[in-house]
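As a plain string of letters, each chain reads:
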Amino acid sequence: MNTADAAPATFTLQAGVSNADVNALQDLLSTLLNHPIASGLPIVRAAFLLGDPALADLRQCFTAPEGTYALQETQRFAGLADHVLTAGTQFGLSNESGGAIARLTFQLLGTDAVMETRLRFLTPDAIRALAAPKLHPRMVGAGAQTLHTHKLTAKHVARYTALAHDPNPLHGDPEVAQAAGFGDVIAPGMLLCALAEAAYVCLTPGREIQELRARFLSPAFVNSSVQVNVTAQTRAKSRVFVVSEAQDIHAIVDIFTA
């Protein structure tokens with residue numbers, strides 16, 4: 001049965017997103033991209049809200065039903081760049097879940113700032129049937145720039161999941177990942193999203209990000225590297241492709257600027 005809150009619940013952050021966690025995230029991204037990361041508040045830091053003690057009960061929404069495994073399908077951030085997410089900050093929360101889908105929408109009270117996370121719960125057979133789309137040159141176009149990461153080691157992934165308080169065993173337990181139908185542990189979709197934002201900021205400095213929308217299309221396995229392709233800006237929008245060395249598309253991230 002599908003469930004949805006009749007009206008958004010309200011909660012108050014108990015811990016918020018600390019400067020130490022933001023700095024640790026930027027250090028991790030700089031290490032993986034082998035590129036200095038500009039100072040500032042990355043939009044993707046808002047994903048760390050899910051680890052706040054005020055949301056301890058809510059995190060059960062991310063627990064997959066028996067016989068299935070949780071995979072992130074989409075992520076959206078809008079209007080969060082300039083807001084400090086500290087203890088005492090209040091959010092409204094809408095939770096829609098049921099069957100193979102869960103969607104959580106957070107809105108900073110009194111503003112239009114929003115974070116939306118959508119998950120799918122898939123069986124091992126469904127996971128094995130997934131096919132990664134390929135990146136073709138025509139999708140990137142002229143003027144694109146690319147950064148290559150170091151290998152995403154288990155330690156890198158563990159550093160991210162610790163910051164994000166991400167309990168999904170697909171990101172840390174090889175036996176669970178293999179039982180789910182994967183060949184190995186997979187990187188969190190939000191780590192790929194963070195790499196996309198960081199690469200964009202590195203390659204197109206001076207632009208103010210207003211909104212970020214990500215779609216996750218295939219897993220990035222531990223001990224593999226990825227390429228982050230940033231397309232040329234068109235009418236305040238740039239598309240970022242996170243792909244494997246074999247050009248399998250892991251994520252498509254659309255970034256909108258002022």
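Residues numbered from 1 in each chain as written. Predicted model: local features only at pLDDT ≥ 70, side-chain atom pairs only at ≥ 80, totals over all residues. Heavy atoms only, no water.

## Remarks on the environment of Leu108
Structurally, the position occupied by Leu108 is in strand E5 (residues 101–108). As for Leu108 and Ala38, which are separated by 70 residues in sequence, their C-alpha atoms are 25 Å apart. Among residues more than four places away in sequence, those in contact with Leu108 are His83, Thr89, Gln90, Phe91 and Ala113. (Helix = DSSP H or I, 4+ residues; strand = E, 2+ residues; numbered from the N terminus. Contact = heavy atoms within 4.5 Å.)

## Structural notes on the pairing of strand E6 (residues 114–122)
Counting buried positions along E6 gives seven out of nine residues, so the element sits mostly inside the fold. One ladder, built from nine bridges, connects strand E3 (residues 69–78) with E6; its direction is antiparallel. Within E6, the residue paired with Thr74 across the bridge is Arg118. Pairing between E5 and E6: seven bridges, direction antiparallel. Within the sheet, the bridge partner assigned to Ile101 lies in E6 and is Arg120. With antiparallel pairing between neighbouring strands as the criterion, E5 and E6 make up a hairpin whose turn holds five residues, including Gly110 at a positive phi of roughly 80°. (Buried < 20%, exposed > 50% of the residue type's maximum accessible area, 1.4 Å probe, protein only. Pairing = 2+ DSSP bridges.)

## Re the side chain of Asp52
With respect to the helices, strands and loops of the structure, Asp52 is situated in the loop between helix H1 (19–33) and E3. A polar atom in the side chain of Asp52 sits 2.9 Å from the backbone nitrogen of Gln14. Beyond its immediate stretch of four places on either side in the chain, Asp52 contacts Leu13, Gln14, Ala15, Gly16 and Arg59. (Polar contact = N/O pair within 3.5 Å; in protein donor to acceptor, adjacent residues only side chain to side chain.)

## Some points on the pairing of strand E10 (residues 237–244)
On a regular strand, each side chain points to the face opposite its neighbour's, so the side chains alternate between the two faces of the sheet. Along E10, six of the eight residues are buried, which leaves the element largely enclosed by surrounding structure. Strand direction decides the pairing type here: strand E9 (residues 226–230) and E10, joined by five bridges, are antiparallel. In the strand pairing of E10, Asn229 is matched with Phe241. Examined bridge by bridge, E10 and strand E11 (residues 249–257) share seven bridges and lie antiparallel to one another. Bridge assignment links Val243 to a residue of E11, and that residue is Ile249.

## Here we look at the pattern of salt bridges
Tallied over the full model, the rule gives nine salt bridges. In this structure, Arg159 and Asp27 form a salt bridge, with 3.1 Å as the shortest nitrogen-oxygen distance. Taken as a pair, Arg159 in helix H4 (residues 154–164) and Asp27 in helix H1 lie far apart in primary sequence, 132 residues in all. Assessed through its relative accessible area of 34%, Arg159 is described here as partly exposed. Ionic pairing is found between Glu211 and Arg76, a salt bridge with its closest N-O pair at 2.9 Å. Of the two residues, Glu211 is situated in strand E8 (residues 209–216) and Arg76 in strand E3; the sequence distance between them amounts to 135 residues. (Salt bridge = Lys/Arg side-chain N within 4 Å of Asp/Glu carboxyl O.)

Structural measurements only, silent on function.
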